[in-house]
Amino acid sequence: MRDVIIIGAGPSGNIAALNVAKAGFSVEVYDWRTKIGDKLCTGIIGQSCYKEYPPTKSQIYRSTSSATIVAPSGKNYLINNSNPQAYIIDRISYIEAFAIKAVDAGATYHLGKKIVSVEITDKEVTVRSEFNGHTEVSTSKAVVVATGFGSPLLKMAGLGNDENKNFLTGCQTAVQTDDLSRATVFLGSQIGHGSFGWLVPTKHNQALLGLATPRKLNGQMDSLIKHLINKGYFKKTEYPIRKWGIPVNPSTPTYNNRALSIGDAAGLTKPTTGGGIYYSLISGELAAKALINALKEEDLSAKQLRLYEVAWKSLLSNEIKLGNFARRMFESIKDSQIEFLISKLMTDDVRGDLLESNSVSFDWHSGIIKEAVMHTVFGKCLNILTPEFTRQKSDMRSTGSFEVA
Ligand SMILES: Cc1cc2nc3c(=O)[nH]c(=O)nc-3n(C[C@H](O)[C@H](O)[C@H](O)COP(=O)(O)OP(=O)(O)OC[C@H]3O[C@@H](n4cnc5c(N)ncnc54)[C@H](O)[C@@H]3O)c2cc1C
(Lines give C-alpha, C1' and ligand atoms only; values in the text may rest on other atoms or scores of the structure.)
Protein backbone atom coordinates (compact mmCIF):
# COMPACT_ATOMS: atom_id res chain seq x y z
CA MET A 1 0.00 0.00 0.00
CA ARG A 2 1.29 3.49 -0.92
CA ASP A 3 1.46 6.18 1.70
CA VAL A 4 -0.31 8.89 -0.31
CA ILE A 5 -2.31 9.06 -3.54
CA ILE A 6 -2.65 12.55 -5.02
CA ILE A 7 -5.40 13.16 -7.57
CA GLY A 8 -4.42 15.98 -9.92
CA ALA A 9 -1.04 17.14 -11.23
CA GLY A 10 -1.66 20.89 -11.17
CA PRO A 11 0.47 23.25 -9.05
CA SER A 12 -1.14 22.09 -5.79
CA GLY A 13 -0.83 18.34 -6.46
CA ASN A 14 2.73 18.54 -7.77
CA ILE A 15 4.13 20.54 -4.86
CA ALA A 16 2.37 18.27 -2.36
CA ALA A 17 3.86 15.24 -4.15
CA LEU A 18 7.31 16.82 -4.16
CA ASN A 19 7.26 17.53 -0.42
CA VAL A 20 5.80 14.17 0.65
CA ALA A 21 8.28 12.29 -1.56
CA LYS A 22 11.19 14.39 -0.27
CA ALA A 23 10.25 13.32 3.28
CA GLY A 24 10.72 9.69 2.21
CA PHE A 25 7.09 8.56 1.88
CA SER A 26 5.69 6.79 -1.18
CA VAL A 27 3.47 8.97 -3.42
CA GLU A 28 1.47 8.25 -6.54
CA VAL A 29 -0.02 11.07 -8.58
CA TYR A 30 -2.89 10.56 -11.04
CA ASP A 31 -3.99 12.98 -13.76
CA TRP A 32 -6.32 12.31 -16.68
CA ARG A 33 -4.34 14.79 -18.76
CA THR A 34 -1.32 13.54 -20.63
CA LYS A 35 0.34 16.95 -20.66
CA ILE A 36 1.00 18.21 -17.14
CA GLY A 37 0.04 21.84 -16.52
CA ASP A 38 -1.97 22.23 -19.72
CA LYS A 39 -5.00 23.64 -17.95
CA LEU A 40 -6.83 26.85 -18.90
CA CYS A 41 -4.91 29.67 -17.23
CA THR A 42 -3.22 32.98 -18.11
CA GLY A 43 -0.08 32.21 -16.16
CA ILE A 44 0.41 35.43 -14.19
CA ILE A 45 2.16 35.16 -10.84
CA GLY A 46 3.06 37.93 -8.39
CA GLN A 47 6.29 38.89 -6.61
CA SER A 48 5.72 36.66 -3.55
CA CYS A 49 5.04 33.60 -5.69
CA TYR A 50 8.04 34.48 -7.83
CA LYS A 51 10.30 34.70 -4.79
CA GLU A 52 9.00 31.64 -2.93
CA TYR A 53 8.52 29.35 -5.94
CA PRO A 54 10.88 30.87 -8.49
CA PRO A 55 10.38 30.09 -12.17
CA THR A 56 13.51 29.65 -14.27
CA LYS A 57 14.47 32.43 -16.67
CA SER A 58 13.27 30.41 -19.63
CA GLN A 59 9.82 29.97 -18.02
CA ILE A 60 9.25 33.74 -17.84
CA TYR A 61 7.75 35.39 -20.92
CA ARG A 62 8.06 38.82 -19.33
CA SER A 63 7.97 40.70 -16.07
CA THR A 64 5.54 43.54 -15.69
CA SER A 65 5.58 46.71 -13.61
CA SER A 66 2.74 48.49 -15.40
CA ALA A 67 -0.78 47.84 -16.62
CA THR A 68 -3.44 49.74 -18.54
CA ILE A 69 -6.95 49.96 -17.16
CA VAL A 70 -9.63 50.66 -19.75
CA ALA A 71 -12.57 52.30 -17.97
CA PRO A 72 -16.19 51.71 -19.10
CA SER A 73 -16.07 54.97 -21.14
CA GLY A 74 -13.06 53.61 -23.07
CA LYS A 75 -10.64 56.00 -21.38
CA ASN A 76 -7.21 54.44 -20.74
CA TYR A 77 -5.38 54.81 -17.43
CA LEU A 78 -1.78 53.75 -16.98
CA ILE A 79 -0.63 52.25 -13.66
CA ASN A 80 3.11 52.31 -13.37
CA ASN A 81 5.25 50.91 -10.59
CA SER A 82 8.98 51.22 -10.21
CA ASN A 83 9.46 47.47 -9.59
CA PRO A 84 8.03 44.40 -11.31
CA GLN A 85 4.70 43.49 -9.75
CA ALA A 86 3.98 40.34 -11.69
CA TYR A 87 5.46 37.82 -14.11
CA ILE A 88 3.81 36.30 -17.13
CA ILE A 89 5.06 32.75 -17.31
CA ASP A 90 4.96 29.69 -19.52
CA ARG A 91 2.47 27.94 -17.28
CA ILE A 92 2.91 24.45 -18.68
CA SER A 93 6.67 24.45 -18.25
CA TYR A 94 6.46 26.05 -14.77
CA ILE A 95 3.93 23.50 -13.43
CA GLU A 96 5.62 20.56 -15.15
CA ALA A 97 8.92 21.47 -13.45
CA PHE A 98 7.40 20.75 -10.02
CA ALA A 99 6.33 17.31 -11.27
CA ILE A 100 9.80 16.59 -12.62
CA LYS A 101 11.28 17.46 -9.22
CA ALA A 102 8.67 15.25 -7.51
CA VAL A 103 9.63 12.31 -9.76
CA ASP A 104 13.30 12.93 -8.94
CA ALA A 105 12.37 12.78 -5.26
CA GLY A 106 10.66 9.42 -5.80
CA ALA A 107 7.02 10.15 -6.70
CA THR A 108 5.32 8.06 -9.41
CA TYR A 109 3.03 9.71 -11.99
CA HIS A 110 0.14 8.01 -13.81
CA LEU A 111 -0.90 10.28 -16.67
CA GLY A 112 -3.98 9.75 -18.83
CA LYS A 113 -5.70 7.95 -15.96
CA LYS A 114 -8.91 9.37 -14.53
CA ILE A 115 -9.88 8.63 -10.96
CA VAL A 116 -13.57 7.79 -10.95
CA SER A 117 -14.13 6.89 -7.32
CA VAL A 118 -12.64 7.32 -3.87
CA GLU A 119 -13.62 5.16 -0.92
CA ILE A 120 -12.32 5.74 2.58
CA THR A 121 -12.49 3.19 5.40
CA ASP A 122 -10.90 3.10 8.86
CA LYS A 123 -7.96 1.16 7.43
CA GLU A 124 -7.27 2.58 3.96
CA VAL A 125 -8.24 4.63 0.92
CA THR A 126 -9.24 2.87 -2.29
CA VAL A 127 -9.29 4.75 -5.59
CA ARG A 128 -10.46 3.47 -8.95
CA SER A 129 -8.90 4.80 -12.12
CA GLU A 130 -10.04 4.42 -15.72
CA PHE A 131 -7.68 4.26 -18.65
CA ASN A 132 -8.60 3.21 -22.20
CA GLY A 133 -11.68 1.37 -20.96
CA HIS A 134 -9.73 -0.49 -18.24
CA THR A 135 -10.31 -0.02 -14.53
CA GLU A 136 -7.53 -0.25 -11.96
CA VAL A 137 -7.77 -0.21 -8.18
CA SER A 138 -5.10 1.27 -5.92
CA THR A 139 -4.92 1.66 -2.18
CA SER A 140 -3.13 4.12 0.07
CA LYS A 141 -3.02 5.34 3.64
CA ALA A 142 -4.20 8.83 2.62
CA VAL A 143 -5.56 10.71 -0.38
CA VAL A 144 -5.15 14.33 -1.48
CA VAL A 145 -7.85 15.73 -3.75
CA ALA A 146 -6.02 18.26 -5.97
CA THR A 147 -8.45 18.03 -8.87
CA GLY A 148 -9.06 21.73 -9.42
CA PHE A 149 -12.53 23.13 -9.89
CA GLY A 150 -15.71 21.07 -9.81
CA SER A 151 -14.85 17.51 -8.88
CA PRO A 152 -17.37 14.91 -7.66
CA LEU A 153 -14.49 13.19 -5.82
CA LEU A 154 -14.62 15.77 -3.01
CA LYS A 155 -18.00 14.51 -1.89
CA MET A 156 -16.86 10.88 -2.11
CA ALA A 157 -13.94 11.72 0.19
CA GLY A 158 -16.24 13.54 2.65
CA LEU A 159 -14.64 16.92 1.88
CA GLY A 160 -16.36 20.29 1.44
CA ASN A 161 -17.73 21.12 -2.00
CA ASP A 162 -19.28 24.59 -2.14
CA GLU A 163 -17.92 25.45 -5.55
CA ASN A 164 -21.21 25.42 -7.31
CA LYS A 165 -22.46 28.23 -5.10
CA ASN A 166 -19.64 30.69 -5.44
CA PHE A 167 -17.46 30.81 -8.50
CA LEU A 168 -16.43 32.87 -11.49
CA THR A 169 -16.49 31.59 -15.02
CA GLY A 170 -13.19 32.27 -16.75
CA CYS A 171 -12.74 31.99 -20.50
CA GLN A 172 -9.80 32.61 -22.74
CA THR A 173 -8.39 32.48 -26.25
CA ALA A 174 -5.18 33.72 -27.91
CA VAL A 175 -4.68 36.58 -30.38
CA GLN A 176 -1.83 38.15 -32.39
CA THR A 177 -1.16 41.76 -31.46
CA ASP A 178 1.22 44.23 -33.05
CA ASP A 179 2.46 46.36 -30.22
CA LEU A 180 0.86 45.40 -26.91
CA SER A 181 3.51 46.23 -24.36
CA ARG A 182 1.64 45.68 -21.10
CA ALA A 183 -1.31 43.81 -19.63
CA THR A 184 -4.59 45.62 -20.25
CA VAL A 185 -7.71 45.21 -18.13
CA PHE A 186 -11.18 46.07 -19.45
CA LEU A 187 -14.02 47.10 -17.15
CA GLY A 188 -17.67 48.02 -17.55
CA SER A 189 -21.09 46.60 -18.31
CA GLN A 190 -20.09 46.12 -21.92
CA ILE A 191 -17.74 43.39 -20.62
CA GLY A 192 -20.44 42.28 -18.18
CA HIS A 193 -21.64 43.56 -14.83
CA GLY A 194 -19.10 42.58 -12.14
CA SER A 195 -16.85 41.11 -14.82
CA PHE A 196 -13.45 42.06 -16.19
CA GLY A 197 -11.60 41.28 -19.38
CA TRP A 198 -7.85 41.05 -19.99
CA LEU A 199 -5.35 41.12 -22.77
CA VAL A 200 -1.99 39.82 -21.59
CA PRO A 201 1.05 39.82 -23.89
CA THR A 202 3.04 36.60 -23.78
CA LYS A 203 5.67 36.10 -26.50
CA HIS A 204 6.22 36.75 -30.24
CA ASN A 205 3.38 39.31 -30.52
CA GLN A 206 0.96 36.84 -29.00
CA ALA A 207 -1.45 37.71 -26.22
CA LEU A 208 -4.05 35.90 -24.16
CA LEU A 209 -7.50 37.43 -24.27
CA GLY A 210 -9.78 36.46 -21.41
CA LEU A 211 -12.77 37.35 -19.34
CA ALA A 212 -13.99 36.41 -15.86
CA THR A 213 -17.59 36.83 -14.84
CA PRO A 214 -19.62 35.99 -11.74
CA ARG A 215 -22.58 35.30 -14.01
CA LYS A 216 -23.29 32.77 -16.72
CA LEU A 217 -21.36 33.48 -19.88
CA ASN A 218 -23.89 34.98 -22.19
CA GLY A 219 -22.14 36.29 -25.27
CA GLN A 220 -19.90 38.71 -23.31
CA MET A 221 -16.71 37.18 -24.69
CA ASP A 222 -18.01 37.45 -28.27
CA SER A 223 -18.86 41.12 -27.77
CA LEU A 224 -15.48 41.80 -26.12
CA ILE A 225 -13.75 40.20 -29.12
CA LYS A 226 -15.80 42.25 -31.60
CA HIS A 227 -15.21 45.42 -29.63
CA LEU A 228 -11.44 44.91 -29.49
CA ILE A 229 -11.22 43.99 -33.18
CA ASN A 230 -13.05 47.26 -33.94
CA LYS A 231 -10.58 49.14 -31.75
CA GLY A 232 -7.70 47.58 -33.69
CA TYR A 233 -6.16 45.52 -30.87
CA PHE A 234 -6.05 42.39 -33.07
CA LYS A 235 -7.61 40.98 -36.23
CA LYS A 236 -8.94 37.58 -35.17
CA THR A 237 -8.78 34.98 -32.44
CA GLU A 238 -6.28 32.16 -32.86
CA TYR A 239 -8.25 29.27 -31.39
CA PRO A 240 -11.73 28.54 -30.00
CA ILE A 241 -12.71 30.03 -26.67
CA ARG A 242 -12.17 27.67 -23.72
CA LYS A 243 -13.90 28.16 -20.39
CA TRP A 244 -13.50 26.83 -16.85
CA GLY A 245 -14.67 27.62 -13.33
CA ILE A 246 -12.73 29.58 -10.72
CA PRO A 247 -13.86 29.07 -7.09
CA VAL A 248 -13.80 32.22 -4.95
CA ASN A 249 -14.64 30.80 -1.54
CA PRO A 250 -13.04 28.01 0.48
CA SER A 251 -14.94 24.71 0.42
CA THR A 252 -14.65 23.46 3.99
CA PRO A 253 -13.93 21.07 5.55
CA THR A 254 -10.70 20.59 3.65
CA TYR A 255 -9.80 17.60 5.86
CA ASN A 256 -11.41 14.30 6.75
CA ASN A 257 -10.16 10.90 7.92
CA ARG A 258 -7.28 10.05 5.55
CA ALA A 259 -8.18 12.89 3.15
CA LEU A 260 -7.28 16.49 2.36
CA SER A 261 -8.31 18.91 -0.40
CA ILE A 262 -5.94 21.58 -1.74
CA GLY A 263 -5.77 24.36 -4.35
CA ASP A 264 -8.90 25.08 -6.39
CA ALA A 265 -10.51 21.86 -5.12
CA ALA A 266 -10.43 23.46 -1.66
CA GLY A 267 -11.64 26.80 -3.12
CA LEU A 268 -8.37 28.57 -2.30
CA THR A 269 -7.88 31.42 -4.76
CA LYS A 270 -7.65 35.21 -4.65
CA PRO A 271 -11.31 36.22 -4.99
CA THR A 272 -10.43 39.62 -6.51
CA THR A 273 -8.71 38.31 -9.64
CA GLY A 274 -9.38 34.57 -9.46
CA GLY A 275 -5.63 33.92 -9.46
CA GLY A 276 -4.95 30.59 -7.78
CA ILE A 277 -1.46 29.35 -8.66
CA TYR A 278 0.18 30.88 -5.56
CA TYR A 279 -2.46 29.70 -3.09
CA SER A 280 -2.37 26.26 -4.72
CA LEU A 281 1.35 26.03 -4.09
CA ILE A 282 0.97 27.29 -0.52
CA SER A 283 -1.88 24.91 0.29
CA GLY A 284 -0.06 21.98 -1.36
CA GLU A 285 2.95 22.62 0.87
CA LEU A 286 0.85 22.99 4.02
CA ALA A 287 -1.04 19.79 3.21
CA ALA A 288 2.23 17.91 2.70
CA LYS A 289 3.50 19.15 6.07
CA ALA A 290 0.33 17.97 7.84
CA LEU A 291 0.45 14.61 6.05
CA ILE A 292 4.11 14.02 6.83
CA ASN A 293 3.44 14.60 10.54
CA ALA A 294 0.37 12.38 10.45
CA LEU A 295 2.27 9.57 8.67
CA LYS A 296 5.11 9.82 11.19
CA GLU A 297 2.60 9.67 14.06
CA GLU A 298 0.71 6.88 12.28
CA ASP A 299 -2.44 8.87 12.91
CA LEU A 300 -4.37 9.85 9.78
CA SER A 301 -7.54 10.79 11.60
CA ALA A 302 -9.54 13.92 10.78
CA LYS A 303 -8.53 15.28 14.17
CA GLN A 304 -4.85 15.06 13.26
CA LEU A 305 -5.27 16.30 9.66
CA ARG A 306 -7.34 19.26 10.83
CA LEU A 307 -4.00 21.00 11.52
CA TYR A 308 -3.78 21.59 7.76
CA GLU A 309 -6.97 23.64 7.77
CA VAL A 310 -5.83 25.55 10.85
CA ALA A 311 -2.59 26.39 9.01
CA TRP A 312 -4.12 27.66 5.75
CA LYS A 313 -6.82 29.55 7.60
CA SER A 314 -4.32 31.47 9.69
CA LEU A 315 -2.49 32.49 6.52
CA LEU A 316 -5.26 32.97 3.96
CA SER A 317 -8.63 33.31 5.63
CA ASN A 318 -8.64 37.05 6.14
CA GLU A 319 -7.16 37.64 2.69
CA ILE A 320 -9.95 35.63 1.11
CA LYS A 321 -12.66 37.31 3.18
CA LEU A 322 -11.40 40.80 2.32
CA GLY A 323 -10.94 39.84 -1.31
CA ASN A 324 -14.50 38.59 -1.49
CA PHE A 325 -15.72 41.73 0.18
CA ALA A 326 -13.94 43.91 -2.40
CA ARG A 327 -15.26 41.73 -5.21
CA ARG A 328 -18.86 42.03 -3.96
CA MET A 329 -18.41 45.80 -3.85
CA PHE A 330 -17.10 45.81 -7.39
CA GLU A 331 -20.05 43.69 -8.53
CA SER A 332 -22.51 46.14 -6.93
CA ILE A 333 -21.39 49.34 -8.67
CA LYS A 334 -22.47 50.82 -12.00
CA ASP A 335 -20.34 52.01 -14.92
CA SER A 336 -20.54 55.66 -13.88
CA GLN A 337 -19.41 54.72 -10.38
CA ILE A 338 -16.47 52.65 -11.69
CA GLU A 339 -15.52 55.63 -13.83
CA PHE A 340 -15.70 57.96 -10.83
CA LEU A 341 -13.61 55.66 -8.61
CA ILE A 342 -10.92 55.13 -11.24
CA SER A 343 -10.64 58.87 -11.88
CA LYS A 344 -10.23 59.47 -8.13
CA LEU A 345 -7.72 56.65 -7.85
CA MET A 346 -5.64 58.25 -10.59
CA THR A 347 -5.35 61.66 -8.95
CA ASP A 348 -1.73 62.26 -7.93
CA ASP A 349 -2.08 61.97 -4.14
CA VAL A 350 -4.41 58.94 -4.09
CA ARG A 351 -2.36 57.20 -6.74
CA GLY A 352 0.86 57.72 -4.78
CA ASP A 353 -0.73 56.59 -1.51
CA LEU A 354 -2.45 53.52 -2.90
CA LEU A 355 -1.40 52.27 -6.32
CA GLU A 356 2.25 53.15 -6.03
CA SER A 357 2.60 52.42 -2.31
CA ASN A 358 4.43 49.48 -0.77
CA SER A 359 1.09 47.87 0.13
CA VAL A 360 0.46 47.03 -3.50
CA SER A 361 0.97 43.34 -3.95
CA PHE A 362 -0.30 41.16 -6.74
CA ASP A 363 -0.38 38.27 -4.27
CA TRP A 364 -1.71 39.78 -1.07
CA HIS A 365 -4.68 42.09 -1.55
CA SER A 366 -5.83 42.81 1.99
CA GLY A 367 -3.21 45.56 2.51
CA ILE A 368 -4.40 47.70 -0.37
CA ILE A 369 -8.07 47.01 0.34
CA LYS A 370 -7.65 48.20 3.94
CA GLU A 371 -5.69 51.27 2.88
CA ALA A 372 -8.26 52.14 0.22
CA VAL A 373 -11.09 51.96 2.75
CA MET A 374 -9.19 54.04 5.31
CA HIS A 375 -7.84 56.59 2.82
CA THR A 376 -8.90 60.14 3.65
CA VAL A 377 -9.98 60.96 0.07
CA PHE A 378 -10.60 57.62 -1.62
CA GLY A 379 -12.22 56.08 1.47
CA LYS A 380 -14.81 58.88 1.43
CA CYS A 381 -15.62 58.17 -2.23
CA LEU A 382 -16.13 54.50 -1.40
CA ASN A 383 -18.41 55.46 1.48
CA ILE A 384 -20.61 57.52 -0.78
CA LEU A 385 -20.94 54.79 -3.40
CA THR A 386 -21.05 51.74 -1.18
CA PRO A 387 -22.43 52.49 2.28
CA GLU A 388 -21.49 48.96 3.40
CA PHE A 389 -17.94 50.28 3.56
CA THR A 390 -18.94 52.80 6.24
CA ARG A 391 -19.87 50.02 8.63
CA GLN A 392 -16.66 48.10 7.91
CA LYS A 393 -14.59 51.20 8.40
CA SER A 394 -16.02 51.92 11.84
CA ASP A 395 -15.49 48.23 12.77
CA MET A 396 -11.89 48.60 11.73
CA ARG A 397 -11.42 51.76 13.80
CA SER A 398 -12.96 50.23 16.92
CA THR A 399 -11.28 46.81 16.75
CA GLY A 400 -8.06 47.68 14.95
CA SER A 401 -8.72 44.79 12.59
CA PHE A 402 -10.75 44.45 9.43
CA GLU A 403 -12.81 41.34 9.83
CA VAL A 404 -15.40 40.78 7.15
CA ALA A 405 -18.22 38.30 7.56
C1 LIG B 1 -9.23 31.53 -17.65
C2 LIG B 1 -8.41 31.36 -16.40
C3 LIG B 1 -7.26 32.13 -16.23
C4 LIG B 1 -6.52 32.00 -15.04
N5 LIG B 1 -5.38 32.75 -14.92
C6 LIG B 1 -4.65 32.66 -13.78
C7 LIG B 1 -3.47 33.42 -13.63
O8 LIG B 1 -3.06 34.18 -14.52
N9 LIG B 1 -2.78 33.32 -12.47
C10 LIG B 1 -3.18 32.49 -11.46
O11 LIG B 1 -2.52 32.45 -10.41
N12 LIG B 1 -4.28 31.72 -11.59
C13 LIG B 1 -5.02 31.78 -12.74
N14 LIG B 1 -6.14 30.99 -12.88
C15 LIG B 1 -6.47 30.04 -11.80
C16 LIG B 1 -5.49 28.88 -11.79
O17 LIG B 1 -5.43 28.30 -13.06
C18 LIG B 1 -5.91 27.84 -10.75
O19 LIG B 1 -6.16 28.50 -9.52
C20 LIG B 1 -4.82 26.79 -10.52
O21 LIG B 1 -4.52 26.11 -11.71
C22 LIG B 1 -5.31 25.76 -9.50
O23 LIG B 1 -4.35 24.75 -9.35
P24 LIG B 1 -4.78 23.32 -8.81
O25 LIG B 1 -3.54 22.53 -8.67
O26 LIG B 1 -5.64 23.47 -7.63
O27 LIG B 1 -5.72 22.70 -9.94
P28 LIG B 1 -5.53 22.56 -11.51
O29 LIG B 1 -4.43 23.38 -12.03
O30 LIG B 1 -6.90 22.75 -12.08
O31 LIG B 1 -5.10 21.04 -11.68
C32 LIG B 1 -5.99 19.98 -11.37
C33 LIG B 1 -5.55 18.77 -12.15
O34 LIG B 1 -6.37 17.67 -11.72
C35 LIG B 1 -6.66 16.85 -12.83
N36 LIG B 1 -7.88 16.09 -12.52
C37 LIG B 1 -9.11 16.59 -12.24
N38 LIG B 1 -9.96 15.58 -11.97
C39 LIG B 1 -9.26 14.43 -12.08
C40 LIG B 1 -9.61 13.03 -11.95
N41 LIG B 1 -10.83 12.66 -11.62
N42 LIG B 1 -8.64 12.11 -12.17
C43 LIG B 1 -7.37 12.48 -12.51
N44 LIG B 1 -7.00 13.79 -12.66
C45 LIG B 1 -7.93 14.75 -12.45
C46 LIG B 1 -6.82 17.86 -13.98
O47 LIG B 1 -6.58 17.25 -15.24
C48 LIG B 1 -5.76 18.91 -13.64
O49 LIG B 1 -4.54 18.68 -14.30
C50 LIG B 1 -6.91 31.09 -14.04
C51 LIG B 1 -8.06 30.31 -14.22
C52 LIG B 1 -8.80 30.43 -15.39
C53 LIG B 1 -10.03 29.59 -15.58
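Note that the structure is a prediction, hence the values are computed from the model and not measured.

What to know about the sheet that holds strand S6 (residues 76-80)
Then, number 1: A sheet is described by the order of its strands in space; here seven strands give the open sequence S6-S5-S13-S14-S15-S12-S16, paired in mixed fashion. The open sheet has two free edges, formed respectively by S6 and strand S16 (242-247), since each of these has just one partner strand. Averaged over all pairs of adjacent strands, the angle between strand axes in this sheet comes to 20°, irrespective of strand direction.
Then, number 2: The pairing of strand S5 (residues 66-70) with S6 spans five bridges and is classified as antiparallel. What sits directly across from threonine 68, in S6, is leucine 78.

Notes on the domain arrangement of the protein
As a measure of interface size, the accessible area lost when the parts come together is often cited.
Then, number 1: Domains assigned within the protein are domain 1 (2-42 + 91-164 + 248-315), domain 2 (167-246) and domain 3 (322-399).
Then, number 2: Just the C-alpha atoms count here: the centres of domain 1 and domain 2 sit 30 Å apart.
Then, number 3: Taken together, the 13 residues of domain 1 in the interface contact 14 residues of domain 2.
Then, number 4: Across the domain 1/domain 2 interface, buried area totals approximately 1,200 Å², and carbon plus sulfur atoms make up 64% of it.
Then, number 5: Its largest share of buried area at the contact with domain 2, domain 1 owes to Leu40, Thr42 and Phe149, together 53% of the area lost on that side.
Then, number 6: Where domain 1 meets domain 2, there are zero salt bridges.
Then, number 7: Where domain 1 touches domain 2, the interface holds three residue pairs in polar contact (both at pLDDT 80 or more).
Then, number 8: Across the side of domain 1 that touches domain 2, the residue classes tally to four nonpolar, six polar and three charged.

Reading the values: the criteria
Residues numbered from 1 in each chain as written. Predicted model: local features only at pLDDT ≥ 70, side-chain atom pairs only at ≥ 80, totals over all residues. Heavy atoms only, no water. Pairing = 2+ DSSP bridges. Helix = DSSP H or I, 4+ residues; strand = E, 2+ residues; numbered from the N terminus. Axes fitted to C-alpha atoms, helices over the stretch in contact; angles between N-to-C directions. Domains from an automatic or database assignment. Contact = heavy atoms within 4.5 Å. Buried area = accessible area lost by both parts, 1.4 Å probe. Salt bridge = Lys/Arg side-chain N within 4 Å of Asp/Glu carboxyl O. Polar contact = N/O pair within 3.5 Å; in protein donor to acceptor, adjacent residues only side chain to side chain. Nonpolar A, V, L, I, M, F, W, Y, C, P; charged D, E, K, R; others polar.

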